[in-house]
Amino acid sequence: QVQLVESGGGLVQPGGSLRLSCAASGFTFSMYPMSWYRQAPGKERDMVARIGSAGGSTDYADSVKGRFTISRDNAKNTVYLQMNSLKPEDTAVYYCKVLYYYIDYWGQGTQVTVSS
């Protein structure tokens, strides 16, 4: 079965950096685009970044452009989100997602808190 496991979240000061990872299993990872979403308390879950199956195509939410970078390693079945210049408004639970056979699969999420 499809499994997505996020890691790398934590508490960081404004201006700091974190790198999130999402380890995938249960499907042919290299054939599917992957996405990162986030959900802050009381808000909807929003797309942060997405990447094509081969890694050559990326897209970002306007709020993170120039600060976040999505990448993937198809040999390791892992997608990453490098987050730089973090702001308090980036505080949220971050999820990775894959659309597999018309169903969205989500990981359990990893908490990112940006605070001094």
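Look a little higher up for the structure.
What counts, and where the lines are drawn
Residues numbered from 1 in each chain as written. Predicted model: local features only at pLDDT ≥ 70, side-chain atom pairs only at ≥ 80, totals over all residues. Heavy atoms only, no water. Pairing = 2+ DSSP bridges. Helix = DSSP H or I, 4+ residues; strand = E, 2+ residues; numbered from the N terminus. Axes fitted to C-alpha atoms, helices over the stretch in contact; angles between N-to-C directions. Salt bridge = Lys/Arg side-chain N within 4 Å of Asp/Glu carboxyl O. Buried < 20%, exposed > 50% of the residue type's maximum accessible area, 1.4 Å probe, protein only. 1 Å grid on protein atoms, 1.4 Å probe; cavity = no way out; pocket = protein on both sides within 12 Å on 5 of 7 lines; lining within 4 Å. Points joined across faces, edges and corners; volume = space filled by probe spheres on them. Nonpolar A, V, L, I, M, F, W, Y, C, P; charged D, E, K, R; others polar. Contact = heavy atoms within 4.5 Å.

A. A look at the sheet that holds strand β7 (residues 68-73). Taken together, the four strands give an open sheet; going across it, the order is β1-β3-β8-β7, and neighbouring strands pair in antiparallel fashion. The open sheet has two free edges, formed respectively by β1 (3-7) and β7, since each of these has just one partner strand. Averaged over all pairs of adjacent strands, the angle between their axes in this sheet comes to 15 degrees, without regard to strand direction. Strand direction decides the pairing type here: strand β3 (residues 18-25) and strand β8 (residues 78-83), joined by six bridges, are antiparallel. Along β8, the bridge assignment pairs R19 with Q82.

B. Summary view of the pattern of salt bridges. Under the criterion given, the structure shown has five salt bridges. The partner of D59 in a salt bridge is R50, with the nearest N and O atoms 2.9 Å apart. With relative accessibility at 41%, the residue R50 sits in the partly exposed group. For R67, the salt bridge is made with D90, and the minimal N-O distance between the two is 2.7 Å. Note that R67 is positioned in the loop between β6 (58-60) and β7 and D90 in the loop between β8 and β9 (92-100), a separation of 23 residues in sequence.

C. Broad picture of the layout of surface pockets. In this structure, the largest pocket occupies an estimated 190 Å³ of space. Contributing to the lining of the largest pocket are 14 residues, with R38, A40, K43, D46 and E89 lying nearest its centre. For the lining of the largest pocket, the elements supplying multiple residues, two or more each, are β4 (34-39) and β5 (45-51). A per-element tally of the lining of the largest pocket places β5 first, with three residues. Classifying every residue of the lining of the largest pocket by side-chain character gives five nonpolar, three polar and six charged.

D. Representation of unusual backbone geometry in the model. The residue Y101 is not glycine, and still its phi comes out positive at about 50 degrees. With respect to the helices and strands, the residue Y101 is situated in the loop between β9 and β10 (103-106). Located in the positive-phi region is Y102, a residue other than glycine, with phi close to 70 degrees. Structurally, Y102 is set in the loop between β9 and β10.

E. Just the environment of T58, in detail. Among the secondary structure elements, T58 is positioned in strand β6. By relative accessible area, T58 is classed as partly exposed at 39%. Between the alpha carbons of T58 and S17 there is a distance of 20 Å; along the sequence they are 41 residues apart. The residues touching T58, leaving out its near neighbours within four places in the chain, are R50, I51 and I70.

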